[in-house]
2 protein chains.
Amino acid sequence: MLDGIPDLKNMNEEQLNALCDRLRNKIIDTVMKNGGHLSSNLGMVELTVALHYVFDFPKDKIIFDVGHQCYTHKLLSGRADRFDTLRKLGGISGFPKREESEYDCYNTGHAGTSVSAALGIAMAKEIRGKDFNVIAVIGDGSFNNGLVYEAFNSVSEINSKILIIINDNHMSITPTVGSMHEYLETLSAENEQRAKKKRHETIFERFGLSYDGVYDGNDLHCMIEKLTDIKQKLRTQSVILHVVTKKGKGYLYCEENPQETHGISAGRVKSAEYSEVLGKTLTDMAERDGRIVAVTAAMTPSLGLSGFFEKFPERSIDVGICESHAAVLCAGLASQGMRPYYAVYSTFLQRAFDQVVVDVCSQNLPMTLCIDRAGISGSDGETHQGEFDLSFLSLIPNLTIAVPKDVDEFKAMLEGSADFGMPLAIRYPKDGFRTFENCGAFAFGKWEKLREGEDCAIIACGERMISLAMAAARAAANEGVECSVINARFVKPLDEDMLSRISSRHIITMEDNALIGGLGSLIDSYFCGGGKVIKNFAYPDEFIPHGSVKELIAKYGISIKTVSDYIIEHAHR
Amino acid sequence: MLDGIPDLKNMNEEQLNALCDRLRNKIIDTVMKNGGHLSSNLGMVELTVALHYVFDFPKDKIIFDVGHQCYTHKLLSGRADRFDTLRKLGGISGFPKREESEYDCYNTGHAGTSVSAALGIAMAKEIRGKDFNVIAVIGDGSFNNGLVYEAFNSVSEINSKILIIINDNHMSITPTVGSMHEYLETLSAENEQRAKKKRHETIFERFGLSYDGVYDGNDLHCMIEKLTDIKQKLRTQSVILHVVTKKGKGYLYCEENPQETHGISAGRVKSAEYSEVLGKTLTDMAERDGRIVAVTAAMTPSLGLSGFFEKFPERSIDVGICESHAAVLCAGLASQGMRPYYAVYSTFLQRAFDQVVVDVCSQNLPMTLCIDRAGISGSDGETHQGEFDLSFLSLIPNLTIAVPKDVDEFKAMLEGSADFGMPLAIRYPKDGFRTFENCGAFAFGKWEKLREGEDCAIIACGERMISLAMAAARAAANEGVECSVINARFVKPLDEDMLSRISSRHIITMEDNALIGGLGSLIDSYFCGGGKVIKNFAYPDEFIPHGSVKELIAKYGISIKTVSDYIIEHAHR
């Protein structure tokens, strides 16, 4: 029934409902095995089936905001047979992907882009004189993002009609915050619905959008009826359709635990997670230091900060999926003597780049960026890898960049950060496994030597790379080549004192980051013309697809063997 | 009367009105000599005087969004005696500057940050148990930016009250676009005012803000009365005060030409501006090629695109000050076969960093970023310099970065860009003076040699640096040292073919960009371990203040003399 592209348009209601059940089961089965986004996809089954029933894909274009909710669409567009490869290296992506199917017209991954993209597509349609429908599907969580507002402001400037569907399940990953969400709640409050609707429409009508709603979006019959109606309307006006769905619908555990089941990991490894250390350490610090404030953009639990938020409600704020705003808010706090900690995933920090440059660093305000999921983050693929942060941060004046080698060093960095007095970024991966012996006292800007050796110096940063470096050094030692291993725990500034004391001709750099602009580049520039032979191990100049962290690091040629082979070949006395 | 800090609170209305006249004259006199923002500041005189009369600065905190309207505030806070140094190297900044006065609590320069910053400051106030008022002043142009919406969504989450003043002069730099601005117009339409106000309040009340308005913000008496009122209100509620002012008020030429007099240049130099070439070339191309679309974020005339917009209304759009949205819109257009050209100032492109990475480059969509005011831009200072773009762009996979050596090469690059088929960035400064002789056929990714010489190779990019490089090479030749000069017209990819053929041991790089992550870094990495001696001329790791372009380039050690001295000292046979 799911093979090929199911002929929905010739199914009756009973068959369509049966299809929904099969889709739901397929999603649950696959995500339980492979990991992925569960609750958000379960809530969208009926809405997606109704869309495929009423509209004509791929002629009509659909853009899924963020893309956490596109599994049903993938299953209905000829990818069911490969769906068991979901999120695996070389397999089906967990996000919309143009390279995968003509049914995916626009790739997403970061919040709030769908309306802008839909407007671009609609504008192109008019210029080219084509005729098709353009639909953006956006969750109520993404709806907080400023991009949506910017796009709304353009709707009436563009001479074309689009459909925006708000999939309102009252959740980002955590429950959605903010006034816009409260507004959505009011709109869908059943007992007031009819009386108030007329008045409330105005906020969207201001933007040239006609408002309509389906307040049980998991009722397939209602959904189809409404969409059929709207398809006609779209000839003359842009429409915003507010659909209330149940996150996790059809799988009781998910319905009751939508937050925990938003994203599911394939296997669970017991690990000393950095996020846990962040939460504990910051909470301890905040008890003693009234200046400490925690700021997040809709990821509080996965960043390890739920405990902090419970304990210090006045000194914590989740601003919703608004990364730029969070950075400026921190700058405002810091300008008044607070010490804000902005915890954010590496890939999403890209959205606050300008604000980190202008608001935080050009004002030289003391705050700490706690950058989680740095380096390769794995199965979410291109739009979620954190391989650029060392590059886009190292170019910013006044910013110190720290990369702890393990959770203990991370804790020490956090403890030192409150009195650091300048902007600081600490970047770390999700999982922490290994605790190294600390070889010396900790000072900001100073590296440490973890191993001595005269033939080659390995300069590495971060737990993953230091682990590989130490193992490669041991492997090389077995072949008679002795390497020093240096923990470059600050990528900026470089520890020029230690660099100037490196006597070996051969130098290797290792980092969980793109080569361009990262640790290796900085060291290349430092030594340029100094007669050293330098080999940089880092990621090449390409976007990194989905796969496991281990697979991907190896794919890019960074392993104990590749590093030790290089050392043995080049640095042998 | 303007010396020191005038004692406004003891002035009567007549004296205050006389003060407004003096302030207005001082602003006109200074801007006519030094350049600066004229019309926006003239409109704000009464509002600022009223704010200083009613509130208690610096105890109360005021944040000026963008900061184009802070001159009166500067004149009233002890900086009148130094005001003739406005925008000069070492003088008074044209923007709020904490380093300059305790009356400036938060530096601005990019749009939309004031409400977020105000919320941060207010949150800090509550945590510290202090008592003062927090005021954000934002123009209707900035009000389009998504950051404002993100901040609005937080107003009710923060347990503090703030005042947001919309200074509505119906203009960004050009007339303000978008639905939100239309909404503001409706609110202030006098004949409907009383009847409609009640209903229209809701849009702001949704965000926990009480709406009030002064529809002649240049009437000092009304302003003082209203602000006195609101100061009381602020004890219990956050307020949005909609003030309509006349841009250019009090100077007839400005009132009639607010667009032309938004920013005034100190001296006018006849120059072949890049923006002019952009406009002309793109218009010509668009006549032949129906795929070409122009997108701007509120800067159409200064980017040279007014003519294009007039000629091709269906293929052009100004989205307002929404740099992120503009980039995604372009990606949407490109996904449907269009060839969008997004023209934007270098410093403002920082705001679309994530969208350039994710939406444009990770999808590998063919579009062209036309990056104006790249490199040092001069008198606007830290928040407007364009010294980072080569760094934050070179780390992005799939992106080609072009830097024309003159306007002719710029034209050729533009003409080649429509069929380039991948994301392309072209960066250039404001003024173009010199046309070099073209030494060879033009091909994407290929450099050209402008001068031969065996002792040293100078690799430079962009008109400013190539001019200096050629002059330095001639100066060195006079001392018997022969340099080649290479036009690195593509910073990415590097022309490895030409690099591999450089025979001289000494290499110099020159760029109008920060050292970290720029052309020099890429060349350092390329040659690392290759036995070359490389010297990088670029800007150091610090924010560049205001001053003239020429002064600033020299301040950072890049001049004919420094470069030729280095060559003569190091590369002499």
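Residues numbered from 1 in each chain as written. Chains lettered and ligands numbered in written order. Predicted model: local features only at pLDDT ≥ 70, side-chain atom pairs only at ≥ 80, totals over all residues. Heavy atoms only, no water.

**Q** Describe in detail unusual backbone geometry, supporting the description with residues and values.
**A** With an omega of 5°, the peptide bond running from F57 of chain B to P58 of chain B counts as cis. Cis geometry is adopted by the peptide bond preceding P493 of chain B, which originates at K492 of chain B and carries an omega value of -5°. Here P493 of chain B lies in the loop between β17 (490-492) and α20 (496-500). Here the phi dihedral of N364 of chain A falls at roughly 55°; this positive angle occurs in a residue that is not glycine. Among the structural elements, N364 of chain A can be located in the loop between α16 (353-361) and β11 (368-372). Accessibility expressed as a relative area gives 30% for N364 of chain A, which makes it partly exposed. Located in the positive-phi region is R373 of chain A, a residue other than glycine, with phi close to 55°. In this fold, R373 of chain A is placed in the loop between β11 and α17 (389-394). (Helix = DSSP H or I, 4+ residues; strand = E, 2+ residues; numbered from the N terminus. Buried < 20%, exposed > 50% of the residue type's maximum accessible area, 1.4 Å probe, protein only.)

**Q** Explain the interface of chain A and chain B residue by residue, including any values.
**A** Every contact between the two is made by 102 residues of chain A and, on the other side, 102 residues of chain B. Of the roughly 8,500 Å² buried where chain A meets chain B, counting both sides, 61% is carbon and sulfur surface. Across the contact surface, chain A and chain B share 4 salt bridges. The tally of links from chain A across to chain B stands at 28 residue pairs in polar contact (both at pLDDT 80 or more). Here the residues of the side of chain A that touches chain B are counted per class, giving 46 nonpolar, 36 polar and 20 charged. (Contact = heavy atoms within 4.5 Å. Buried area = accessible area lost by both parts, 1.4 Å probe. Salt bridge = Lys/Arg side-chain N within 4 Å of Asp/Glu carboxyl O. Polar contact = N/O pair within 3.5 Å; in protein donor to acceptor, adjacent residues only side chain to side chain. Nonpolar A, V, L, I, M, F, W, Y, C, P; charged D, E, K, R; others polar.)

**Q** Could you give an account of helix α19 (residues 463-478) of chain A, with specific residues and numbers?
**A** An α-helix turns once per 3.6 residues; consequently, residues spaced three or four apart project the same way. All names here are of chain A. With 16 residues, α19 should reach 22 Å at 1.5 Å per residue; the first-to-last C-alpha distance of 23 Å fits that figure. The element α19 is largely enclosed, with a buried count of 12 among its 16 residues. Those residues of α19 that fall on the buried side of the exposure criterion are E463, R464, M465, I466, S467, L468, A469, M470, A471, A472, A473 and A476. Directly after α19, the chain includes G480, whose backbone phi takes a positive value near 85°. (Expected span 1.5 Å × (residues − 1).)

**Q** Residue-level account of the relation of the copies chain A and chain B, with values.
**A** Screw-axis analysis of chain A against chain B gives a translation of 0.0 Å along the axis, an RMSD of 0.0 Å, and a rotation angle of 180°. Here the transformation between the copies is reduced to the relation of a two-fold axis. Judged by C-alpha distance, G146 of chain A is the residue of chain A that lies nearest the rotation axis, at 1.8 Å. Looking at chain A, 99% of its interface residues are interface residues in chain B too, so the copies touch through the same face. (Least-squares fit on C-alpha atoms with pLDDT ≥ 70 in both.)

**Q** Just give me the short version of the sheet that holds strand β18 (residues 506-514) of chain B, but keep the residues and values in it.
**A** Residues and elements named next belong to chain B. Spatially, the 5 strands line up as an open sheet ordered β14-β16-β15-β18-β19, and their pairing is mixed. Strands at the two margins of the open sheet, each flanked by one partner only, are β14 (448-451) and β19 (533-539). In this sheet, neighbouring strand axes are inclined to one another by 25° on average, regardless of whether the strands run parallel or antiparallel. Sheet topology note: the strand β15 (residues 456-460)/strand β16 (residues 483-487) ladder contains 5 bridges and is parallel. Its bridge partner lying in β16, A457 is registered against S484. Where helix α19 (residues 463-478) meets the sheet, it contacts β14, β15, β16, β18 and β19, and its direction lies at approximately 170° from that of β16. (Pairing = 2+ DSSP bridges. Axes fitted to C-alpha atoms, helices over the stretch in contact; angles between N-to-C directions.)

**Q** Pulling in residues and values, what's your account of the sheet that holds strand β9 (residues 316-318) of chain A?
**A** Residues and elements named next belong to chain A. If you walk across this open sheet you meet the 7 strands as β9-β8-β10-β11-β13-β12-β17, and the pairing is mixed. Two strands in the sheet have a free side with no partner beyond their single neighbour: β9 and β17 (490-492). For this sheet, the mean angle separating the axes of adjacent strands, direction not counted, is 20°. Direction of pairing for strand β12 (residues 400-402) relative to strand β13 (residues 424-427): parallel, over a ladder of 3 bridges. Considered in β13, the bridge of T400 is made with L424.

**Q** Give a detailed account of the pattern of salt bridges, specifying residues and quantitative values.
**A** Tallied over the entire structure, the rule returns 60 salt bridges over all chains. Two residues, R79 of chain A and D104 of chain A, come together in a salt bridge whose shortest N-O distance is 2.6 Å. Remark: D104 of chain A occurs in the loop between α4 (71-76) and α5 (114-128) and R79 of chain A occurs in the loop between α4 and α5; sequence separation between them is 25 residues. Residue classification places D104 of chain A among the buried positions, given a relative accessible area of 5%. Here E409 of chain B makes a salt bridge to R489 of chain B, at a shortest N to O gap of 2.9 Å. With E409 of chain B in helix α18 (residues 407-417) and R489 of chain B in the loop between β16 and β17, this residue pair connects regions lying 80 residues apart in the sequence. Both residues of the pair, E409 of chain B and R489 of chain B, belong to the buried class. Put simply, K74, R79, E100 and D104 of chain A are held in one network by salt bridges that share partners.

**Q** So what's going on with the pairing of strand β19 (residues 533-539) of chain A? Residues and values would help.
**A** Residue and element names in this part refer to chain A. Along β19, 6 of the 7 residues are buried, which leaves the element largely enclosed by surrounding structure. Two elements, strand β18 (residues 506-514) and β19, share 6 bridges in a ladder whose sense is parallel. Within β19, the position partnered with H506 by the bridge is V533. With respect to chirality, the unit in which β18 leads through helix α21 (residues 519-527) into the neighbouring parallel β19 is right-handed. (Right-handed = clockwise from strand over helix to strand, strands pointing away.)

**Q** Mind laying out the side chain of K492 of chain A, listing which residues take part and the relevant values?
**A** Mapping K492 of chain A onto the fold places it in strand β17. Polar contacts involving the side chain of K492 of chain A include one to the main-chain carbonyl oxygen of S394 of chain A, which spans 2.9 Å. Only 3.0 Å separates the side chain of K492 of chain A from the side chain of D541 of chain B, close enough to count as a polar contact. Dropping the residues within four chain positions of it, K492 of chain A is found in contact with S394, L395, I396, P397, L399, T400 and I401 of chain A together with I516 and D541 of chain B.

**Q** If you had to explain the packing of aromatic side chains to someone new, which residues and values would you point to?
**A** Tallied over the entire structure, the rule returns 44 aromatic pairs over all chains. The interplanar angle of 65° and the centroid separation of 5.8 Å between the aromatic rings of Y539 of chain A and Y556 of chain A together place this pair among those described as edge-to-face. Here Y539 of chain A is found in strand β19, whereas its partner Y556 of chain A is found in the loop between α22 (549-555) and α23 (560-570), with 17 residues between them in sequence. The two residues Y539 of chain A and Y556 of chain A agree in class, both being buried. Taking 4.3 Å as the distance between ring centres and 45° as the angle between the ring planes, the aromatic pair formed by F410 of chain B and Y428 of chain B counts as tilted. On the criterion of sequence distance, the pair formed by F410 of chain B in helix α18 and Y428 of chain B in the loop between β13 (424-427) and β14 is long-range, its members being 18 residues apart. (Phe/Tyr/Trp six-rings, centres within 6.5 Å; stacked < 30°, edge-to-face > 60°.)

**Q** Go over the side chain of T383 of chain A, please, and point to the residues and values.
**A** Secondary-structure assignment places T383 of chain A in the loop between β11 and α17. The exposure class of T383 of chain A is buried, given its relative accessible area of 3%.

**Q** Break down the state of the cysteines for me, citing the residues and quoting the values.
**A** Cysteine pairs can be covalently joined through their sulfur atoms, and such a bond is termed a disulfide. The full count for this structure, using the stated rule, is 0 disulfides over all chains. Among the cysteines around C20 of chain A, which has no disulfide bond, C222 of chain A carries the closest sulfur, lying 13 Å off. Judged by relative accessible area, which is 1%, C20 of chain A ranks as buried. This cysteine, C361 of chain B, is not joined by any disulfide, and C330 of chain B carries the nearest cysteine sulfur, 12 Å off. A relative accessible area of 0% places C361 of chain B in the buried class. (Disulfide = S-S within 2.5 Å.)

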